[in-house]
Amino acid sequence: MSSSTTDQPTPAQYLPLLFGFALNQIAGATSRLGVPDLLDEKALTAEELATATGAHPGFLLRLLRAAATAGLLTLDDQGRFALTALGGMYRTDAPLQAAPLDAMHAAPAVWQAWGALEQSVRTGKPAFGLVHGTGLFDRLQTDPELAAVFHSAMGAGSAVQLPAITNGFDFSAFQHVTDVGGGNGTHLAAILAANPHLRGTVFDTADGVLDAPAVLAQAGVDDRCATQAGSFFDTVPAGADAYLLKNILHDWDDDSSKKILDNCRAAMGANGRVVVFTSVIAEGRAHEDPLEALGAAIFDIEMMVVTTGRERTLTEFEQLFAASGLKLAKVTPLPCPFLYYALEAVAA
């Protein structure tokens, strides 16, 4: 039975679905041309912006008008463009940085992978590998430009998540924490700085921890933190009473995630804990904010496109923990977008 005309979707509902790709490119091109930074302190005309950016004046004007219509800019009667609060997210010094995330999604390798989403769903294989013949993480080893864009995007995400973790999670019960897959130590440095009683270990591959000593020293926590190189698929350093996994498990399928958790379970003591910081997919929980739930769901599709991993529901996390001899003991919502939680698991 067809809907009546009064039940038809509104442009506000269907335009983001039909033309979301265009909105992404309008915002991204505006950002990559440097327009938000140029408009940070004063309004400028399209001609002035063309001179500053070196862009084609006529084409730039059309882009700027579209960006203004999309809410990133305003246009006054004198033909001057100014930055809105939304457009300000694309400044290079914005507290909530959209530009690095946009740059990653606009990178040809990632943009092309999204184009293979349907094929990914049909085959059950990550889109990135279908398009490029190799996984994202392998590609990063041979594509320095993409690697730089990727790590910048991850840093922008951490800039939002780290305050939520340090302010929203209680580390007082722990004495020594190991950050599994902790990279250059930025995550653990922030935690140790906020918790003077803690000691820590950053654990990652040799390349991953290469810059960690300098990061820890700059944060003033190097006297309380060690670095150790290795693969979390092989082993995890023993001796900590908490093993932190921040945005790690969502990069990997269940079998690979089980290996990581198995190694954490083997390394921790009888009273140890595994703490997973992650988005959690809504399970028909009506109290969840619909936009927050949508953000988490989009992240899940992104994992399908670029990795073998996935975002998971609480039930799926419980099953994953159980397969490694762990059980979910505590769930702490964190003050961070997209249903971000700390999930604490203990020995079953």
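Keep in mind the model is a prediction, meaning the values are calculated, not measured. (Residues numbered from 1 in each chain as written. Predicted model: local features only at pLDDT ≥ 70, side-chain atom pairs only at ≥ 80, totals over all residues. Heavy atoms only, no water.)

J.: In this structure, what is going on with the overall build of the protein? I would like to understand it.
T.: A count of helices and strands for the protein gives 16 helices and ten strands. Against the globule reference of 20 Å for 348 residues, the protein gives a C-alpha radius of gyration of 22 Å, in line with a compact fold. Projected onto the principal axes, the alpha-carbon positions of the protein cover approximately 70 × 60 × 40 Å. Here the protein holds 348 residues, and 42% of them are scored as buried. (Helix = DSSP H or I, 4+ residues; strand = E, 2+ residues; numbered from the N terminus. Rg over C-alpha atoms; globule rule 2.2 N^0.38 Å. Buried < 20%, exposed > 50% of the residue type's maximum accessible area, 1.4 Å probe, protein only.)

J.: Looking at this structure, how should I read the UniProt feature "domain: O-methyltransferase dimerisation" (unreviewed entry) in the protein?
T.: In the UniProt entry, the feature "domain: O-methyltransferase dimerisation" (unreviewed entry) is given for residues 17–91. Structurally, residues 17–91 is divided into 60% helix and 12% strand, and its ends, taken at the C-alpha atoms, are 26 Å apart. (UniProt positions renumbered as here; feature names shortened; annotations may be inferred.)

J.: Where do I start with the sheet that holds strand β9 (residues 326–333) in this structure?
T.: Through backbone hydrogen bonds, the strands of a sheet pair up, either in parallel or in antiparallel fashion. Strand order in the open sheet made by the seven strands is β6-β5-β4-β7-β8-β10-β9, with mixed pairing throughout. For this open sheet the edge positions go to β6 (225–229) and β9, each flanked by a neighbour on one side alone. Taken pair by pair, the neighbouring strands of this sheet meet at an average axis angle of 20°, ignoring direction. The sheet contact formed by strand β8 (residues 273–279) and strand β10 (residues 340–347) spans six bridges and is antiparallel. Residue pairing in the sheet places Ser 279 in a bridge with Tyr 340 of β10. Here helix α14 (residues 254–267) sits on the sheet and contacts β4 (176–180), β7 (242–246), β8, β9 and β10; the angle it forms with β7, its principal contact strand, is near 160°. (Pairing = 2+ DSSP bridges. Axes fitted to C-alpha atoms, helices over the stretch in contact; angles between N-to-C directions. Contact = heavy atoms within 4.5 Å.)

J.: Explain the nonpolar core to me, please; I cannot follow it from the model alone.
T.: Note that soluble globular proteins tend to have their nonpolar side chains buried in a common cluster. Judged by nonpolar contacts, the single largest core of 28 residues is most densely connected at Leu 245 and Val 274. Mapped onto this core, the elements with two or more residues apiece are β7, α14, β8, α15 (290–306), α16 (314–323) and β10. The element best represented in this core is α14, accounting for four residues. Formed by 25 residues, the second largest nonpolar core is a distinct cluster that contains Phe 171, Phe 174, Leu 192 and Leu 198. (Core = buried A, V, L, I, M, F, W, Y, C linked by side-chain atoms within 4.5 Å.)

J.: For this particular structure, what's the right way to read the packing of helix α1 (residues 11–32) against helix α4 (residues 57–69)?
T.: Axis angle and axis distance: for two packed helices, these are the angle between their axes and the distance between the axes, and together they describe the pair. Viewed as axis vectors pointing N to C, α1 and α4 meet at an angle of 120°, and their least axial separation amounts to 10 Å. On the basis of their axis angle, the class for α1 and α4 is oblique. By crossing handedness, the relation of α1 to α4 is classed as left-handed. Of α4, the residues touching α1 (which contributes Ile 26, Ala 29 and Thr 30) are Leu 63, Ala 66 and Ala 67. In terms of residue class, the contact of α1 with α4 is built from five nonpolar, one polar and no charged. (Parallel < 35°, antiparallel > 145°, perpendicular 65-115°, else oblique. Left-handed = near helix turned anticlockwise from the far one by under 90°. Nonpolar A, V, L, I, M, F, W, Y, C, P; charged D, E, K, R; others polar.)

J.: Just to check I follow, could you spell out unusual backbone geometry for this structure?
T.: Peptide bonds are, in most cases, trans, and in most cases residues other than glycine have a negative phi. Located in the positive-phi region is Asn 247, a residue other than glycine, with phi close to 55°. Although it is not a glycine, Phe 338 adopts a positive phi angle of roughly 70°. Mapped onto the secondary structure, Phe 338 falls in the loop between β9 and β10. The class of Phe 338 is partly exposed, set by a relative accessible area of 29%.

J.: Could you clarify how one ought to interpret the side chain of Glu 311 in this entry?
T.: You can see Glu 311 is positioned in the loop between α15 and α16. Discounting chain neighbours no more than four positions away, the residues touching Glu 311 are His 250, Thr 278, Ser 279, Ile 281, Ala 296, Phe 299, Asp 300, Met 303 and Glu 316.

J.: Would you mind showing me how to read the environment of Gln 119 here?
T.: Note on placement: Gln 119 falls in helix α8 (residues 117–123). Residue classification places Gln 119 among the partly exposed positions, given a relative accessible area of 41%. Taking the C-alpha atoms as reference points, Gln 119 and Ser 231, 112 residues apart in sequence, are found 31 Å from one another.

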